[in-house]
Amino acid sequence: MSDAAAWTSPSMRSLRRIAAMVVRYSLLLKNSWTRIFELAYWPTIQMVLWGFISVFFRQNSSWVAQAGGVLIAGVLLWDVMFRGQLGVSVSFMEEMWSRNLGHLFTSPLRPIELAVALMTMSLIRTLIGIVPAALLAIPLYQYSIFTMGLPLIAFFVNLLVMGWALGLMLSGLILRFGQSAESLAWLAVFLLAPVSAIYYPLSILPPWLQAVGWALPSAHVFEGMRAVLFEQSFRLDHLAWAAGLNLVYMAFGVAAFLFAVRVARRRGLLLQMGE
Amino acid sequence: MTGAPSSDISVQGLTKRYGDVVAVDGIDFDVPRGACSALLGGNGAGKTTTISMLLGLLLPTAGRITVLGQDMVRRRYRVLPRMNFSSPYVDLPHRLTVRENLAVYGHLYGLPDVRSRVQVLVRDLQLEGFIDRESGKLSAGQKTRVALAKALLNTPALLLLDEPTASLDPDTADWVRGYLETYRRSTGATILLASHNMAEVERLCDQVLMMRAGRIVDRGAPEQLIRRYGRQNLEEVFLDIARRRGIAAQEAAQ
């Protein structure tokens, strides 16, 4: 197949549409330094705050003293999930705010391609948000999250994918219920924080809440993170559970988003959405 | 039945209901290839709803839509690269410049040479003065020209325009009409527009579909309708129909 023919194949055309949407969201970031600053601002503030709390606990808590970076790692990894979700939902809301959905959904862009573009942009936004905070922790607290090595990649990917799944579900809800549901994009993920075992083991929760926690990929990731930090062991069972659950969450997230688009087409919402 | 083979749009029994409200009530029409047709009617007549269904933005409750030879409900992705639209009800991202927006849509439509196509449109639609301005900072007239540029990016075989000259001053509106006439002549494109502007319809369109309360209550060439209703212009015909004085004339014609 010639280069020209390859470029016009259906899969290449699909990739090109996804790339166009990623460029569209990147241009939005590039044109506004305040948005880039804001992306890195909250993870950094959180890391600084929890870094000093860690310093204090290291001297006064035998549990934290065993693994000094456990709180900072928890903060940074939790932000991966939060930024992952927000990266999908906020990019989608940008389309609603600018009343652009009508143009998008009458172009050859398919809803699933839009979802892939939103996820790609979420990865970029998450990296912009997290990497500066992770780097700043090294000189401030002599803690590098990168010392976790390969398990860090597994944790990052699983939390990001869970964030994507939540972001797609929330985008579907926002498409269905409009501006009244927008606050969910900022709040919903915090509902999961207490049962995600970010800063403490799941075992301290009441049994019925532990059951809820084990149903979340995030709880397996944070239990796995503590195993690496405290026991220097990489728990494949937690990784397998997190990955398996994420498959289910992603399937549900994509299905919810596509269903919401179909409902919007049935109810005529795509022309009405806007500021 | 899929309508005449030379029709770029063929609609049969098209219906849209929202609960008990019937927005479009079993309409039928064809738009021949290369023709310009207009949907005319007052507010709430069903024009925008009809255009939304033709674009695939809205699913019909019942009926059949064939666009450029394809079933628009089931196979719209085969057709969407060959059609385009503009509407005052949608916007381009405000914080991207005009050039950035056109480039993004150029890639979404899979143009082989986006830069060249954008350059041509910038020249033809006289966008030079604001091509690098953020789209949210344009005047109404500039926005309309940019929306038209976006609608023409893929040199569509079918162009759907919802109120293409709404909120434009007479000079700019006249310029847009002239451009549409030229585009249609040079490409052989089919145009369907919804408008409240009767002079615009008289100038641009070969066929008028008069809508009221979700139904097509009359149709024909502008001069035929004017003759049939015994009026001086299309605006008077529109008022007759909107005020239901045209029913007798319509029945007589049938």
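The preceding data block contains the structure.
Rules behind the numbers
- Residues numbered from 1 in each chain as written.
- Chains lettered and ligands numbered in written order.
- Predicted model: local features only at pLDDT ≥ 70, side-chain atom pairs only at ≥ 80, totals over all residues.
- Helix = DSSP H or I, 4+ residues; strand = E, 2+ residues; numbered from the N terminus.
- Rg over C-alpha atoms; globule rule 2.2 N^0.38 Å.
- Contact = placed C-beta atoms within 7 Å.
- Expected span 1.5 Å × (residues − 1).
- Buried ≥ 20, exposed ≤ 12 C-beta atoms within 10 Å, placed from the backbone.
- Pairing = 2+ DSSP bridges.
- Axes fitted to C-alpha atoms, helices over the stretch in contact; angles between N-to-C directions.
- Core = buried A, V, L, I, M, F, W, Y, C linked by C-beta atoms within 7 Å.
- Nonpolar A, V, L, I, M, F, W, Y, C, P; charged D, E, K, R; others polar.
- Right-handed = clockwise from strand over helix to strand, strands pointing away.
- Parallel < 35°, antiparallel > 145°, perpendicular 65-115°, else oblique.
- Left-handed = near helix turned anticlockwise from the far one by under 90°.

(A) Representation of the overall build of chain A in the model. Across its full length, chain A holds twelve helices and zero strands. The secondary structure elements of chain A, listed N-terminal to C-terminal, are α-α-α-α-α-α-α-α-α-α-α-α. Here the C-alpha atoms of chain A give a radius of gyration of 20 Å, agreeing with the 19 Å that 2.2 N^0.38 yields for 275 residues. Taken over the C-alpha atoms alone, chain A extends approximately 60 × 45 × 40 Å along its principal axes. Taking all contacts inside chain A whose residues are at least 6 apart in sequence as the whole, residues at least 24 apart take part in 76%.

(B) Inspection of helix H5 (residues 140-152) of chain B at higher detail. Residues and elements named next belong to chain B. Counted at 1.5 Å a residue, the expected span for H5 with its 13 residues is 18 Å, and the 18 Å between its end C-alpha atoms agrees. Burial within H5 is extensive, with ten of its 13 residues counted as buried. The set of residues buried in H5 consists of Lys143, Thr144, Arg145, Val146, Ala147, Leu148, Ala149, Lys150, Ala151 and Leu152. Where the residues of H5 are buried, they touch strand E6 (83-86), helix H3 (98-108), helix H4 (114-124), strand E7 (158-162) and helix H6 (170-187).

(C) Representation of the sheet that holds strand E5 (residues 70-71) of chain B. Residue and element names in this part refer to chain B. The four strands lie next to each other as E2-E1-E4-E5, forming an open sheet whose pairing is antiparallel. This sheet does not close on itself; its edge strands, each paired only once, are strand E2 (21-32) and E5. Against the sheet, helix H1 (residues 47-55) contacts strand E1 (7-18), E2 and strand E4 (62-67), and its axis sits at roughly 120 degrees relative to E1.

(D) Molecular detail of the environment of Pro151(A). Within the secondary structure layout, Pro151(A) lies in helix H8 (residues 150-177). Separated by 104 residues in the primary sequence, Pro151(A) and Met47(A) place their C-alpha atoms 20 Å from one another.

(E) Main features of the sheet that holds strand E9 (residues 207-212) of chain B. Residue and element names in this part refer to chain B. The six strands lie next to each other as E6-E7-E8-E3-E9-E10, forming an open sheet whose pairing is mixed. Sheet topology places E6 and strand E10 (215-220) at the edges, where each strand pairs with a single neighbour. Between one strand axis and the next, the sheet turns by 15 degrees as a mean value, whatever way the strands run. Judged from the five bridges that link them, strand E3 (residues 36-40) and strand E8 (residues 190-195) form a sheet pairing that is parallel. Residue pairing for E8: Ala38 is matched across the bridge by Leu193. On the sheet, H1 packs against E3, E6, E7, E8 and E9 and is oriented at approximately 150 degrees with respect to E7. On the sheet, H5 packs against E6 and E7 and is oriented at approximately 170 degrees with respect to E6.

(F) Looking closely at the nonpolar core. The biggest cluster of nonpolar side chains holds 151 residues, and the ones touching the most others in it are Ile72(A), Leu76(A), Leu77(A), Leu159(A), Leu40(B), Leu54(B) and Leu160(B). Not counting chain neighbours up to four residues away, the residues in contact with Leu77(A) comprise Phe155(A), Leu159(A), Val221(A) and Met225(A).

(G) Just the interface of chain A and chain B, in detail. With 27 residues of chain A at the contact, the number on the chain B side is 26 residues. Secondary-structure elements contributing two or more residues to the side of chain A that touches chain B are helix H2 (10-30), helix H6 (101-104) and helix H12 (236-267) of chain A. Here the side of chain A that touches chain B takes nine residues from H2(A), the largest share from any one element. Among the residues forming the side of chain A that touches chain B, the class breakdown is ten nonpolar, nine polar and eight charged.

(H) Local environment of the pairing of E7(B). Residue and element names in this part refer to chain B. Of all five residues in E7, five are buried; the element is thus mostly enclosed. Of the two faces of E7, the one carrying Leu158, Leu160 and Asp162 and the one carrying Leu159 and Leu161 are both buried. Both E6 and E7 contribute to a ladder of four bridges, which runs parallel. Paired with Ser86 across the bridge in E7 is Leu161. By the bridge criterion, five bridges tie E7 to E8 in an arrangement that is parallel. Within E8, the residue paired with Leu160 across the bridge is Leu192. In this region the chain leaves E7, passes through H6 and returns to the parallel neighbour E8; the handedness of that crossover is right-handed.

(I) Main features of the packing of helix H5 (residues 70-97) of chain A against helix H7 (residues 111-141) of chain A. Residue and element names in this part refer to chain A. Contact geometry of H5 with H7 gives a least axis separation of 8 Å together with a crossing angle of 155 degrees. In terms of orientation, H5 and H7 fall into the roughly antiparallel class. Here H5 runs over H7; the crossing is right-handed. On H7, the residues that touch Ile72, Leu76, Asp79, Val80, Arg83, Gly84, Gly87, Val88, Ser91 and Phe92 of H5 are Leu118, Met119, Met121, Ser122, Arg125, Thr126, Gly129, Ile130, Ala133, Ala134, Ala137 and Tyr141. Classifying every residue of the contact of H5 with H7 gives 13 nonpolar, six polar and three charged.

(J) Inspection of the environment of Leu258(A) at higher detail. All names here are of chain A. Mapping Leu258 onto the fold places it in helix H12. Under the C-beta neighbour-count criterion, Leu258 is labelled partly exposed, with 16 such atoms within 10 Å. Taking the C-alpha atoms as reference points, Leu258 and Met169, separated by 89 residues in sequence, lie 9.5 Å from one another. When neighbours within four sequence positions are excluded, Leu258 is seen to be in contact with Pro111 and Ile112.

(K) Expanded view of the packing of H8(A) against helix H11 (residues 217-231) of chain A. All names here are of chain A. Here H8 crosses H11 at 165 degrees, and the two axes come no closer than 9 Å. Of the possible angle classes, the one that applies to H8 and H11 is roughly antiparallel. As for how H8 packs across H11, the hand of that crossing is left-handed. Taking contact as the criterion, the partners of Pro151, Phe155, Asn158, Leu159 and Met162 in H8 are, on H11, Pro217, Ser218, Val221, Gly224, Met225 and Val228.

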